[in-house]
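Structural description and commentary
For reference, the chains in residue letters:
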Amino acid sequence: MQDKIEVIKSIEGFVGDNIGSLLKSVEQSWQPSDFLPPLSEPGWKERVDSLQEVAKNLADDLIVVLVGDMVTEEALPTYQTWLNRLHGVTDATGASDTPWARWTRGWTAEENRHGDLLNRYLTLSGRVNMRAVEVTIHHLINNGFDPQTENDPYLGFIYTSFQERATKISHRNVATLALRAGDETLHRICGTIAGDEARHEKAYKMFMTKIFELDPVGAVCSFATMMKRKIVMPAVMMRDQTDENLFLRYSKVAQRTGVYTVKDYADIIESLVQHWNIERLWGLSDLAAKSQDYLCGLATRYRSLAERVSLTGPDRFSWIFDRQVG
């Protein structure tokens, strides 16, 4: 682990030099209030009524996926805590001026707006049981999150490289479905959030690219280790008042609607393998070469699995007043 920490420390200057392009300043950034009717201005009721009228056209299964995405974003305190545990990345004082600490706080500040915006939209839409949703958020943060990275910075940045792309895909697909349903506000909201996730994906992949340059053996072995453990979704421990299998049922709806699927999982693996030029790595140890072979064939294996996935059957969700979908 000490060798990994030294690599992470050695790229601090690189991180510091690139923070300005990977994060936006507060002055340049959008805020949740930019997208929704301001309740302090005249005519707010008519604008809310209009938002609710359009939201009536959203299918219940889309609402379920949207709520699941929002709940995932709202568990941000857990994710910042996890990032600050990664060796070599820790924000020692909570206000440290090191590049890694500034990155983590800046990333968190940008991500914080996602849950806020989706929460406010869903509240104004009148389509969901907000107390049931709030109970789910409470449970998720209370239950915690273990992505099986063991505070290893290599595993952590491989996880975030994958996960940021996954959330980008999910938000973009929800944006597409919202537009088809005629909800331009939700389309703009989810598209904007997806844009943030794309920028964050670029950052974490850039960090890992530097690690691959400095320690290709450690990086490729870590990549294989993370994929063998599988990428656990951040909201895997979500539940509501009664249902401890809520994440599995939400995932089923996401798969069925095409918002996030096993095929997407395979595509992300392939994109990371290509981005880090895994096939072209050379001079590897025997273990690293085996990791290389494993990774290069992994996307194909998941695509075969995707062809066999069949998700049928109805589910009820407290989020939508126990209505049934599917």
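Note that the structure is a prediction, hence the values are computed from the model and not measured.

As a volume, the largest pocket reaches approximately 660 Å³. Forming the walls of the largest pocket are 28 residues, and the residues nearest its centre are Met 233, Phe 247, Ser 251, Tyr 260 and Tyr 265. Elements with a minimum of two residues in the lining of the largest pocket: helix H4 (60-74), helix H8 (153-180), helix H11 (246-257), helix H12 (262-275) and helix H13 (286-308). Among the elements that line the lining of the largest pocket, the one with the most residues is H11, at seven residues.

Here we come to the pattern of salt bridges. Tallied over the entire structure, the rule returns 22 salt bridges. In this structure, Lys 4 engages Asp 152 in a salt bridge whose closest nitrogen and oxygen atoms are separated by 2.6 Å. With Lys 4 in helix H1 (residues 2-10) and Asp 152 in the loop between helix H7 (130-143) and H8, this residue pair connects regions lying 148 residues apart in the sequence. Asp 152 matches Lys 4 in its accessibility class, with the two residues each being buried. Between Asp 49 and Lys 45 there is a salt bridge, with the nearest N and O atoms lying 3.2 Å from each other. One end of the pair is Asp 49 and the other is Lys 45, both in helix H3 (residues 44-55) and four residues apart, which spans about a single turn.

Turning next to the packing of helix H2 (residues 12-22) against helix H6 (residues 99-125). Where H2 meets H6, the closest approach of the two axes is 8 Å, and the angle between their N-to-C directions is 30°. Between H2 and H6, the interaxial angle falls into the category roughly parallel. Considering the relative orientation of H2 and H6, their crossing is left-handed. Judged by residue contacts, Glu 12, Val 15, Gly 16, Ile 19 and Leu 22 of H2 engage Pro 99, Trp 100, Arg 102 and Trp 103 from H6.

What counts, and where the lines are drawn
- Residues numbered from 1 in each chain as written.
- Predicted model: local features only at pLDDT ≥ 70, side-chain atom pairs only at ≥ 80, totals over all residues.
- Heavy atoms only, no water.
- 1 Å grid on protein atoms, 1.4 Å probe; cavity = no way out; pocket = protein on both sides within 12 Å on 5 of 7 lines; lining within 4 Å.
- Points joined across faces, edges and corners; volume = space filled by probe spheres on them.
- Helix = DSSP H or I, 4+ residues; strand = E, 2+ residues; numbered from the N terminus.
- Salt bridge = Lys/Arg side-chain N within 4 Å of Asp/Glu carboxyl O.
- Buried < 20%, exposed > 50% of the residue type's maximum accessible area, 1.4 Å probe, protein only.
- Axes fitted to C-alpha atoms, helices over the stretch in contact; angles between N-to-C directions.
- Parallel < 35°, antiparallel > 145°, perpendicular 65-115°, else oblique.
- Left-handed = near helix turned anticlockwise from the far one by under 90°.
- Contact = heavy atoms within 4.5 Å.

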